[in-house]
Amino acid sequence: MKHTMQLLISPSLRHVTVVPGKGFKEFIKVKVGSRRISYLMVFYSLLLFTFLLRFVFALTAVDTIDGERKCSTLGCLGRKIGPRILGTQLEPTVPEVIYQILEEPSDQIEIDEGPDTPQSLEEFMEEMKDTRPDAETFAVKLKAMVTFLEERTRTAKIQEYLYRHVASSGIPKQLHCLDLKLAHEHSINANARLQLPSAELVPALVDNSYFHFVLASDNILAASVVASSLVQNSFHPEKVVLHIITDSKTFSPMQAWFSLHPLTPAIIEVKALHHFDWLTKGKVPVLEAMEKDQKARSQFRGGSSAIVANTTEKPHIIAAKLQALSPKYNSLMNHIRIYLPELFPSLDKVVFLDDDIVVQTDLSSLWDIDMNGKVNGAVETCRGEDKFVMAKHFKSYLNFSHPLISKNFDPNECAWAYGMNIFDLEAWRETNISEAYHYWLEQNLKSDLSLWQLGTLPPGLIAFHGHVHAIDPFWHMLGLGYQDNTSIADAQSAGVIHFNGRAKPWLDIAFPQLRSLWTKYVNFSDKFIRTCHIRET
């Protein structure tokens, strides 16, 4: 016997009545809550249900792509969500053999790096799609491609560093022209042979109430930018004294430039090394060390050819060695700072500037820094956002595999920078810094130049060890000459910017976006600049 039922829903949706088909008056009455059922509620419920279905589908698809065994929709969902709820991790789906091959040293597995090796990711993917190899073959092919591209990149980088070394080691014809034109002007024009400074200003050269800066350079254009930027940004240019030290061949053109381009009211002194009596009399240890260093360098190092022929060292190490081979690093101009107490016996404090810096702020505040009895105020180079420039420690410069170095110094001690340094000459005269510098130069020569990388900073790190006062990094931003990661905005916010490295701003290999910070202090309408075709870009 069949029974039919009737479902009666009241218009208000508040009552649902089920009535037997025979008309029997018994009914089931279901009371719905006083809250009205919303159509929106039904809509959102359906929407949520649809989303869950798509979620389950996506998880199931991932399982299928990963190559796992087939499972039901609910089974896949449980396998995906279960470990997360229980706080466990699924095992990785990458075959273990891939990790094993990629982690194996290249010389312990057979890798074919012949002409069939893919030379781009696109070629690699096409080959994998065509051959459908197993995991082991896939890993070997991948490693062969990466090894091939790494070696090609290494070779290209080393070639670039070598070309930059050659370009930075020579004297550009424009700068050579400037030297010749000014030397000629010095010989024919009395105004180019003025005493610098004039007689009435000579007493200021030993007056400690002035701000004394020292610049050692044989580059006239570079020296002019340092001097111009220093004076133009000074709050008290009438209190600025700039002592320029140069060599005998550059003295006449340097004197001609600053005679014809005075920076009044600042006081400029130009002197050659032979004007310092103590330097021309008797034995000067650093001069002897430099002569021996040149002989030893040619005998044991083999020059740039031997450096780039090394197949094991990383490109940035080769770049550092090439940079240290630059003639600048074996010039007395670069060693002269170790003799500052003897050069300026009447002065108490000086700021030493390299010729590849640009001053962008008033530097008189440097005299207010309390050095706490230390000799050398310098910016440390082991802290900072730029990990390429500001990550230098003693181990970056000194050879800690040599017992002389390892037993005397800490490899993780923070390094500091030359380029803009405050030297307390009074405190210096109470130390043996200069003697220590000479001693370690001699030890390096006896060790066949094996104690440190070539250059003048490593012996400086040793000689000033324990005598350095760290100053705010604002005063000295480094690295503008060997990497272009520095933004213009960051560089403009620094007190002094330093183009240390091969890409000097007066060379064609300078970084274009940074060069403008230097060229703004060059007067390109000057007749000597125009005659020698020195251009802004």
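Preceding block: the structure.
Note that the structure is predicted; figures quoted are calculated from it, not measured.

Participant: Help me understand the overall build of the chain in this model?
Facilitator: Each helix and strand in the chain was counted, giving 21 helices and twelve strands. For the chain, the proportion of its 537 residues judged to be buried stands at 45%. Here the analysis covers contacts within the chain between residues at least 6 apart in sequence; of these, 71% occur between residues at least 24 apart. Working note: accessible area of the chain is about 29700 Å², and carbon and sulfur atoms make up 56% of it.

Participant: Explain the sheet that holds strand β11 (residues 468-470) to me, please; I cannot follow it from the model alone.
Facilitator: The strands making up a sheet associate through hydrogen bonds between their backbones, and the pairing can be parallel or antiparallel. Taken in spatial order, the seven strands line up as β6-β5-β4-β7-β10-β9-β11 in an open sheet, and their pairing is mixed. What marks the edges here is a single partner per strand, and that holds for β6 (267-272) and β11. Recorded for the sheet is a direction-independent mean angle of 25 degrees between the axes of neighbouring strands. The pairing of strand β7 (residues 349-353) with strand β10 (residues 420-424) spans five bridges and is classified as antiparallel. From the neighbouring strand, Lys349 faces β10, where its bridge partner is Asp424. Strand contacts of helix α8 (residues 248-260): β5 (240-246) and β6, with the helix running at about 160 degrees to β6, the strand carrying the most contacts.

Participant: Mind showing me how you'd approach the state of the cysteines here?
Facilitator: Counted by the stated rule, this structure contains two disulfides. Linked covalently through their sulfurs, Cys177 and Cys532 form a disulfide whose S-S length is 2.2 Å. Torsion about the S-S bond of the Cys177 and Cys532 cystine: about -75 degrees, corresponding to left-handed handedness. Here Cys177 is found in helix α6 (residues 173-188), whereas its partner Cys532 is found in the segment after α21 (527-531), with 355 residues between them in sequence. The exposure class of Cys532 is buried, given its relative accessible area of 3%. What pairs with Cys382 in a disulfide is Cys414, and their sulfur atoms sit 1.9 Å apart. Handedness here is read from the sign of the S-S torsion; for Cys382 and Cys414, about -105 degrees, the answer is left-handed. Taken as a pair, Cys382 in the loop between β9 (376-378) and α15 (403-406) and Cys414 in the loop between α15 and β10 lie far apart in primary sequence, 32 residues in all. Across the pair, Cys414 and Cys382 agree in class, each one buried.

Participant: Please explain empty space enclosed by the protein as it appears in this structure.
Facilitator: Space left empty within the atom packing is revealed by a probe, the size of a water molecule, rolled over the atoms. The final tally for this structure, using the stated rule, is two cavities of 30 Å³ or more. Of the pockets and cavities examined, the second largest cavity occupies roughly 40 Å³. As for the second largest cavity, its lining consists of Phe211, Phe213, Leu230, Ser234, Val240, Val359, Thr361, Asp362, Leu363 and Ser364. Along the lines of polarity and charge, the residues of the lining of the second largest cavity split into six nonpolar, three polar and one charged.

Quick notes on the rules
Note that residues are indexed from 1 along each chain, following the sequence as it is written. Selection of residues for local features in this predicted model requires a pLDDT of at least 70, selection of side-chain atom pairs for listing and counting requires 80 or more, and totals for whole chains, interfaces and linings are taken over all residues. Values shown for side chains rest on all heavy atoms present in the structure; no hydrogens or waters enter the calculation. Each helix corresponds to a stretch of at least 4 residues labelled H or I by DSSP, and each strand to a stretch of at least 2 residues labelled E; elements are numbered beginning at the N terminus. Throughout, exposure labels follow a simple rule: accessible area from a 1.4 Å probe, protein chains only, divided by the maximum for the residue type, with under 20% read as buried, over 50% as exposed, and the rest as partly exposed. Contact criterion: two residues are considered in contact whenever any of their non-hydrogen atoms come within 4.5 Å of each other. All accessibility values rest on the Shrake-Rupley procedure with a 1.4 Å probe; residue burial counts only the protein chains present in the view. Strand pairing is assigned whenever DSSP detects at least two bridges linking the two strands. Axis lines are fitted through C-alpha atoms, for helices just across the contact stretch, and the angle between N-to-C directions can take any value from 0 to 180 degrees. Criterion for a disulfide: a pair of cysteine sulfur atoms at a distance within 2.5 Å. Both site types are read off a 1 Å grid over the protein atoms alone. A 1.4 Å probe that fits but cannot get out defines a cavity, while an open set with protein on both sides within 12 Å along at least five of seven lines defines a pocket; lining residues have an atom within 4 Å of a point. Grid points are joined across faces, edges and corners, and a volume is the space filled by probe spheres set on the points. Charged residues are taken to be Asp, Glu, Lys and Arg, nonpolar residues to be Ala, Val, Leu, Ile, Met, Phe, Trp, Tyr, Cys and Pro, and polar residues to be all remaining types, Gly included.

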